[in-house]
Amino acid sequence: MAHDGTPPDTTDPEPKADLRRASDIWPLIHAERAALAADLANLTGEQWTTPSLCTGLTVREVLAHLTSAASLTPVRWLAGVIRCRFDFDRQVAMRLAEQLGATAAETHDSFRRVVTSTTKPPLPTVAMLGETIVHAEDIRRPLGIRRDYPITALTRLADYYRGSDLVVLAKGRIGGLRLAADDGPFRAGSGALVSGTTLALTMAMTGRAAYCDDLEGDGVAILRDRMG
């Protein structure tokens, strides 16, 4: 994920809990990639240049970033980190540029080719589900495209982010807040209430302020302030 500068923790790239269910997560990732590719098949040139929710990136650039994430082995990831002198944001930009292509059509075609990929950097498989869903929303929301994500996938992802600051700050952002989904079983924390859909809670946990507009409760203002 285009992240906040926190380097990935490579000491345990596939925690045991995730290792047992990684085979269950990959089909979710592949389904979400396929759905995104279909949603973007007929974009106009102007739509491809729409600013995404990922600061500084267009929707086309975010799609190239997703292709990059699905193309990087741990060895290539480490080689890039060394090449970029441990500047993780520089590595993200370099890998994005590799996958952008000369035209939006090439960007889209490159993404379609990795829809069923199981290649990944040294991250838990569930983090790749996060890459896919969060960045898909970074693209879809500015374009006005809506997707009804499977609640099981969203709940699994929200449960992951509630306990992780890997790549993107999430756990630290919701400290002292009580999160409650109104469309599924997700619950987390204690303190001032933040309620809404599982998708809105997940996106807010990962720093997307636009989704605070979809949330309710005394804790929403606190969560929004933490996004800077």
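Residues numbered from 1 in each chain as written. Predicted model: local features only at pLDDT ≥ 70, side-chain atom pairs only at ≥ 80, totals over all residues. Heavy atoms only, no water.

> What exactly am I supposed to notice about helix 8 (residues 151–162) here?
One full turn of an α-helix is made of 3.6 residues, so residues set three or four places apart face in the same direction. The first and last C-alpha atoms of helix 8 sit 16 Å apart over twelve residues, in line with the 16 Å expected at 1.5 Å per residue. All of the buried residues in helix 8 are Ala153, Leu154, Thr155, Leu157, Ala158, Tyr160 and Tyr161. (Helix = DSSP H or I, 4+ residues; strand = E, 2+ residues; numbered from the N terminus. Expected span 1.5 Å × (residues − 1). Buried < 20%, exposed > 50% of the residue type's maximum accessible area, 1.4 Å probe, protein only.)

> Teacher, can you tell me more about the sheet that holds strand 2 (residues 187–188) here?
Two strands in a sheet stick together by hydrogen bonds in their backbones, pointing the same way (parallel) or opposite ways (antiparallel). Ordered in space as 2-1-3, the three strands form an open sheet in which the pairing is mixed. The strands lining the two open edges of the sheet, one partner per strand, are strand 2 and strand 3 (192–196). Alignment of strand 1 (residues 177–181) against strand 3, held across five bridges, turns out to be parallel. Residue pairing for strand 3: Ala181 is matched across the bridge by Gly196. Seen against the sheet, helix 9 (residues 198–205) touches strand 1 and strand 3 and runs at an angle of roughly 145° to strand 1. (Pairing = 2+ DSSP bridges. Contact = heavy atoms within 4.5 Å. Axes fitted to C-alpha atoms, helices over the stretch in contact; angles between N-to-C directions.)

> Is there a simple way to explain the environment of Val126 in this structure?
Of note, Val126 is situated in helix 7 (residues 125–143). Remark: the alpha-carbon pair of Val126 and Tyr160, spanning 34 residues in sequence, is separated by 7.3 Å.

> Explanation requested: the packing of helix 7 against helix 8 in the structure shown.
When two helices pack together, you describe them by how their axes are tilted relative to each other and by the distance separating the axes. Packing of helix 7 against helix 8 leaves a shortest axis separation of 10 Å and a crossing angle of 115°. By the criterion of interaxial angle, the relationship of helix 7 to helix 8 is roughly perpendicular. Two packed elements cross with a definite hand, and for helix 7 against helix 8 that hand is left-handed. Contacts between helix 7 and helix 8 involve Val126, Ala127, Leu129, Gly130, Glu131, Ile133 and Val134 from the first element and Ala153, Leu154, Arg156, Leu157, Tyr160 and Tyr161 from the second. For the contact of helix 7 with helix 8, the class distribution of residues is ten nonpolar, one polar and two charged. (Parallel < 35°, antiparallel > 145°, perpendicular 65-115°, else oblique. Left-handed = near helix turned anticlockwise from the far one by under 90°. Nonpolar A, V, L, I, M, F, W, Y, C, P; charged D, E, K, R; others polar.)

> What am I meant to see in the side chain of Arg60 here?
Note on placement: Arg60 falls in helix 3 (residues 59–69). The buried charged residue Arg60 lacks any salt bridge, with Glu106 as its nearest oppositely charged partner at 6.3 Å. If we ignore the near neighbours within four places in the chain, the residues touching Arg60 are Trp48, Leu100, Gly101, Ala102, Thr103, Ala104 and Thr107. (Lys, Arg positive; Asp, Glu negative; His and termini not counted. Salt bridge = Lys/Arg side-chain N within 4 Å of Asp/Glu carboxyl O.)

> Even after reading the chapter, I still don't get helix 6 (residues 104–113), so can you show me in this structure?
Among the residues of helix 6, Ala104, Thr107, His108, Ser110 and Phe111 are the ones counted as buried. All buried residues of helix 6 lie within an arc of 160° about the axis, which places them on one face of the element. Exposed side chains of helix 6 directed beyond 90 degrees from the buried face belong to Arg112 and Arg113. (Arc of directions from axis to C-beta.)

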